[in-house]
Amino acid sequence: MTFWVSQFAKDKAIEDAKFFSGFLSQLMTYTCSKQSVLSSKISPCCALPVPFQGECVINSENDDEPDLPSLPLSRFTEDRFVCAQFSNKPDDFLQEFLYEYSRRHSELALPVILRVDTVYQNLLAKCCKLENPLECYSHGQEMFQRVVRESRERVKHHCDLHEKLGDAKFHDWLIILYTKKTPQLSAQELVMFTKNMAAAATKCCPLRDEQQFACMEDSAKLILGGLCRRHEAEPINAGVGHCCDASYAFRKPCFDDLQVNGTYISPPLSCDQVINLKENLCKAQEEEFQTEKQKLLSNLVKQKPYATEMQFQSMIADFAHLVEKCCQAETSEMCFREEVSLSPCYSLSMLRIY
């Protein structure tokens, strides 16, 4: 089955929806015919109508880890005939590695396993050109462990920050972070994109270590996939393009490491475009108010990407204080108008840094 799926990915465009649908139907027929051998967790999925089986199987629990012999993975890094096998049938050999590594590490998310697979492929491409390749690729196990460790540390950092800041402030932090990376997106797009990332942290971070790690990686895979589809439809910037195109396996680390987009020059915005002080803010539900506040935050970051996080938090606090003050006034609309007349930018200290 590994060979079958691999050949499909290589030979056919998954974007071909009609072809993909037919392939998935064949794959589910095969999987469900072998469910007693493949997994004890997919029986409920196989009872569903065919169109719903694929998503159900993808979202089902991992099967219990099989009782595997200890021998195996070492032969990919300690056998002196590795390069001969790799040179003879590279695709078959790498598929076998991917299969053996995956079934021994069912706790890992797909992107992490693919990172290990990519590292191994690059390692062999380099080592098999040397006089003593075994000395070179014998460090493979250490490299695999480092990939997993670094991926886990990235997730832990995000979850530690989520715990420290809480849901709302963590979302604000994401808006600041991703507005700097992708300022070409509209404030509304940035709020919605980071809302999905914040929701993933809320769902995944309370889980125990291994589940937290896999949950965050799998969520990032889907969320960043959406961002890359947006880039494909309407290019965002070169950095995003590089992360989307360079390596699917390393897409998340690439976005994590993406810096401030230095080529972006924000067009001058009128105060009305930066912040919209209207009486209807007083009637807004909490979620609506948070969205307006976060759109303001995104617009401010676009104007001043190198301002400190503390400055941005101070700006948002000023905004919230002003809205609270005017909404408690006898005539809210009059209060907002007075703020407008006091200065071109509503007397908010947040806009004095401009």
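Residues numbered from 1 in each chain as written. Predicted model: local features only at pLDDT ≥ 70, side-chain atom pairs only at ≥ 80, totals over all residues. Heavy atoms only, no water.

Engineer: Explain helix α12 (residues 187-204) to me, please; I cannot follow it from the model alone.
Structural biologist: Side chains three or four residues apart in an α-helix point the same way, a direct result of the helix having 3.6 residues per turn. For α12, with 18 residues, the first-to-last C-alpha span of 26 Å sits near the 26 Å given by 1.5 Å per residue. Looking only at α12, the buried set comprises Ala187, Leu190, Val191, Phe193, Thr194, Met197, Ala198, Ala200, Ala201 and Cys204. The elements touched by buried residues of α12 are α11 (140-181), α13 (209-233) and α17 (286-303). (Helix = DSSP H or I, 4+ residues; strand = E, 2+ residues; numbered from the N terminus. Expected span 1.5 Å × (residues − 1). Buried < 20%, exposed > 50% of the residue type's maximum accessible area, 1.4 Å probe, protein only. Contact = heavy atoms within 4.5 Å.)

Engineer: What is the right way to read the pattern of salt bridges from this model?
Structural biologist: Two side chains carrying opposite charge are able to pair once their charged atoms lie near each other. Per the stated rule, a full pass over the model turns up 14 salt bridges. For Glu100, the salt bridge goes to Arg103, with nearest N and O atoms at 3.4 Å. Separated by three residues within a single helix, Glu100 and Arg103 lie in helix α8 (residues 90-104), roughly one turn from each other. (Salt bridge = Lys/Arg side-chain N within 4 Å of Asp/Glu carboxyl O.)

Engineer: What's the story with the state of the cysteines in this structure? I'm lost.
Structural biologist: Put plainly, two cysteines are in a disulfide when a covalent bond ties their sulfur atoms together. Going through the model one piece at a time under the given rule, you end up with seven disulfides. Two residues, Cys127 and Cys136, share a disulfide whose sulfurs are 1.9 Å apart. An S-S torsion of about -60° defines the bridge between Cys127 and Cys136 as left-handed. Each member of the pair, Cys127 as well as Cys136, is classed as buried. Between the sulfur of Cys228 and that of Cys244 lies a disulfide, 2.0 Å long from S to S. An S-S torsion of about -90° defines the bridge between Cys228 and Cys244 as left-handed. Separated by 16 residues along the polypeptide, Cys228 in helix α13 and Cys244 in helix α14 (residues 238-246) bring together distant segments of the chain. Of the two residues, Cys228 and Cys244, both sit in the buried class. (Disulfide = S-S within 2.5 Å.)

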